[in-house]
Amino acid sequence: MGAMANFRKSIIFSVLFFYSMLLVKTLSSSPPSSNLQILTAERRIDLTSHIVRVYLTLKVENTGEAPAAEVLLAFSPAQFDHLALVKAAAAVGKKKKKTYLPLEVNPSDHPDAPNGTKYYSISLLKPLGKAESITLEILYMLTHSLEPFPAEISQSESQLVYYHDSAVILSPYHIKQQASMVKTPTSKVESFTRVEPTDRSGTELRYGPYEDRHPYSYSPVIIHLENNNAFAVVEELEREIEISHWGSIQVTEHYKLAHAGARHRGIFSRVEYQSRPSISGVSSFKHLLAELPPRVHSVYYRDDIGNISSSRLRTNSKKSELLIEPRYPLFGGWKATFIIGYGVPLQDFLFESDGGSRYLNYTFGCPLSETVVDKLTIKVVLPEGSKNPSAKAPFTVEQSMETKYSYLDVIGRTVVVLEKKNVVPEHNVPFQVYYNFNPMFMLAEPLMLVSAFFLFFIACIAYLHMDLSIRK
Amino acid sequence: MTTKSISSPVPDAWYPTLAVFMLAIGLVVTASFFIYEATSSRKNRSLVKELTTAVVASVFLGFGSLFLLLSSGIYV
């Protein structure tokens, strides 16, 4: 009965969207700079994971007189909220010797944008003159954009999701020719909106080619597809990186992991899960891979109960891989909290810069593969006596300061707190924390211990030199 | 930009050895301190000798316990 109702629902949905598709919205309003036009646009949408990756290749031409220094990318408000990352590069050179130069991308505000369209602006290395053209390669990633439908599934069901987008590329510029390719994880696609010409073969869905679309053309499409990948979302991740100049960096990571796919309905049968793994619990996941730095030591994986024994660590000279299994397989809506900790040698990550200050060079982001982090907090605990801390990251992060007391501390350690929301694996790039440190401060801890022992001896001497007897 | 990596002033591998030897020396000196205190009478005790023994013992015990902490994984 449930399957029948779902089928009917999906028919109603597809009919609705067929009609809405007929009302292809063509909004003509004043674009921010309309002298540019896009000659060819190719978009490849990768839906094989739960992180949506969109690769856009644009060939932009300047038709106006004035040189253009920036190219705008338009996003619908719904997509803009789920954007985790936008990267752009300019392709230089001919086919064989093609190289890509990274370009700066920043969100930009245009209050007069139609229908609340949001923009990112790409700053070109040199302004585009009259009748010149440039090829841009753009990658943007969307998180939480695959909506499970049905929203609740039982253990034996496969997970189906909706993906909403537009068949034509939303752009403030006129696009002469464009096509979009959607890559699905399996060849099982329940339904998809047709905007002719639309073609489907195997795991690829092709929209276009469309010719001469006006600025702000938008024709909504819905793709209902099967996606049984691990929808692993870390709702909160707190990483504490503690620097000790005595030779080690200790990292402690507190995870709040959740399965963000279709919620699990009904009971969970361990027998069925274990005996028929190919059809039971296909959308669930039971292990995750964490990539740790090379030469990692004293790794632990535990939670509030104690040690979790189901983990494997493989180390080689390039990287260390930690395969962790939570205490139970994670189904939709289930959560797990755990802690991973490890130590790495100091000399691999701490360096001295030209100005005499020291800096930590460590990887940002989450070590778990193919995982979205909703809220990431990185706390860099500097040694006691550090001065002038400052952090440098290749993207915007919120910064603040704290003080922490640890072993043998008197004035407390300075903590640099970095916070970022919506983190994807592509954010795993190095960041730096600079600080000044006088090596004499390293002697503070041993001298503290020495003076404690010395006070004990002084007490002994004082006691033995005193005459406390009553009788003379 | 030339970068120089910063490492510990004492190699990590030496920590257990240093801890054992420094604590052993420290405890021996402590023992000699208390033997001296117990065997000499109050009149012919020299304060200078007591203090030098105390300083030597506390330096060895202090650094020894630091290396003990470091070798057991408590990086202060």
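Residues numbered from 1 in each chain as written. Chains lettered and ligands numbered in written order. Predicted model: local features only at pLDDT ≥ 70, side-chain atom pairs only at ≥ 80, totals over all residues. Heavy atoms only, no water.

A. Examining the domain arrangement of chain A more closely. Residues and elements named next belong to chain A. Here chain A is described as being made up of domain 1 (2–226) and domain 2 (232–445). For domain 1 versus domain 2, the distance between C-alpha centres works out to 33 Å. Across the boundary between the two partners, domain 1 contributes 23 residues, which contact 29 residues of domain 2. For the pair domain 1 and domain 2, the summed buried surface comes to about 2,000 Å²; carbon and sulfur atoms form 49% of the total. Its largest share of buried area at the contact with domain 2, domain 1 owes to His50, Glu152 and Gln155, together 32% of the area lost on that side. Across the domain 1-domain 2 interface, the total number found is 3 salt bridges. Between Glu157 and Arg265 there is a salt bridge; the shortest N-O distance is 3.3 Å. Taken together, domain 1 and domain 2 are joined by 16 residue pairs in polar contact (both at pLDDT 80 or more). (Domains from an automatic or database assignment. Contact = heavy atoms within 4.5 Å. Buried area = accessible area lost by both parts, 1.4 Å probe. Salt bridge = Lys/Arg side-chain N within 4 Å of Asp/Glu carboxyl O. Polar contact = N/O pair within 3.5 Å; in protein donor to acceptor, adjacent residues only side chain to side chain.)

B. Representation of the pattern of salt bridges. Residues and elements named next belong to chain A. Going through the model one piece at a time under the given rule, you end up with 23 salt bridges over all chains. One salt bridge connects Arg53 with Glu370, and the closest N-O pair in it is separated by 2.9 Å. With Arg53 in strand 3 (residues 52–62) and Glu370 in the loop between strand 27 (358–363) and strand 28 (372–381), this pair connects stretches of sequence that are 317 residues apart. For Lys256, the salt bridge goes to Glu236, with nearest N and O atoms at 3.6 Å. On the criterion of sequence distance, the pair formed by Lys256 in strand 19 (residues 248–259) and Glu236 in strand 18 (residues 232–244) is long-range, its members being 20 residues apart. Taking the relative accessible area as the measure of exposure, Glu236 reaches 37% and is therefore partly exposed. Counted as one network, the salt bridges with shared partners bring together Glu240, Glu242, Lys404, Asp409 and Arg413. (Helix = DSSP H or I, 4+ residues; strand = E, 2+ residues; numbered from the N terminus. Buried < 20%, exposed > 50% of the residue type's maximum accessible area, 1.4 Å probe, protein only.)

C. Structural context of the interface of chain A and chain B. The partner chain B presents 37 residues to the 35 residues of chain A that form the contact. Across the interface of chain A and chain B, roughly 3,200 Å² is buried in total on both sides, 72% from carbon and sulfur atoms. Among the residues of chain A in contact with chain B, A:Trp246, A:Phe457 and A:Leu464 are the three that bury the most area, contributing 22% of the side total. The tally of links from chain A across to chain B stands at 1 salt bridge. In this structure, A:Glu352 and B:Lys4 form a salt bridge, with 3.5 Å as the shortest nitrogen-oxygen distance. Our count for the contact surface shared by chain A and chain B stands at 8 residue pairs in polar contact (both at pLDDT 80 or more). Residue assignment for the side of chain A that touches chain B shows that the elements contributing at least two residues are strand 19, strand 26 (350–352), strand 27 and helix 4 (444–465) of chain A. Considering each element in turn, the side of chain A that touches chain B owes the most residues, 13 residues, to helix 4 of chain A. Residue composition of the side of chain A that touches chain B, grouped by class: 21 nonpolar, 8 polar and 6 charged. Across 2 bridges, the pairing between strand 26 of chain A and strand 1 (residues 4–5) of chain B is antiparallel. (Nonpolar A, V, L, I, M, F, W, Y, C, P; charged D, E, K, R; others polar. Pairing = 2+ DSSP bridges.)

D. Structural detail: the sheet that holds strand 5 (residues 83–92) of chain A. All names here are of chain A. A sheet is described by the order of its strands in space; here 10 strands give the open sequence 4-7-6-5-8-3-2-12-15-14, paired in mixed fashion. The open sheet has two edge strands with one neighbour each: strand 4 (68–75) and strand 14 (198–201). With direction set aside, neighbouring strand axes in the sheet form an average angle of 20 degrees. Of the strand pairs in this sheet, strand 6 (residues 99–108) and strand 7 (residues 118–128) are connected by 5 bridges, and their pairing is antiparallel. Looking at the pairing, Ser108 lines up with Tyr119 of strand 7. (Axes fitted to C-alpha atoms, helices over the stretch in contact; angles between N-to-C directions.)

E. Structural view of the packing of helix 1 (residues 15–39) of chain B against helix 2 (residues 47–71) of chain B. All names here are of chain B. Where helix 1 contacts helix 2, the two axes come as close as 7 Å, and the packing angle between them is 155 degrees. Regarding the angle of helix 1 to helix 2, the classification is roughly antiparallel. In this structure, helix 1 meets helix 2 at a crossing whose hand is left-handed. Considered class by class, the residues forming the contact of helix 1 with helix 2 number 20 nonpolar, 7 polar and 3 charged. (Parallel < 35°, antiparallel > 145°, perpendicular 65-115°, else oblique. Left-handed = near helix turned anticlockwise from the far one by under 90°.)

F. Representation of the packing of helix 4 of chain A against helix 1 of chain B. Following both chains from N to C, one finds helix 4 of chain A and helix 1 of chain B inclined at 5 degrees, their axes separated by 12 Å at the closest point. As far as their axial angle goes, helix 1 of chain B and helix 4 of chain A are roughly parallel. The residues of helix 1 of chain B that touch helix 4 of chain A, namely those facing A:Phe456, A:Phe457, A:Cys460, A:Ile461 and A:Leu464, are B:Thr30, B:Phe33, B:Phe34 and B:Glu37. Residues of the contact of helix 4 of chain A with helix 1 of chain B, tallied by class, amount to 7 nonpolar, 1 polar and 1 charged.

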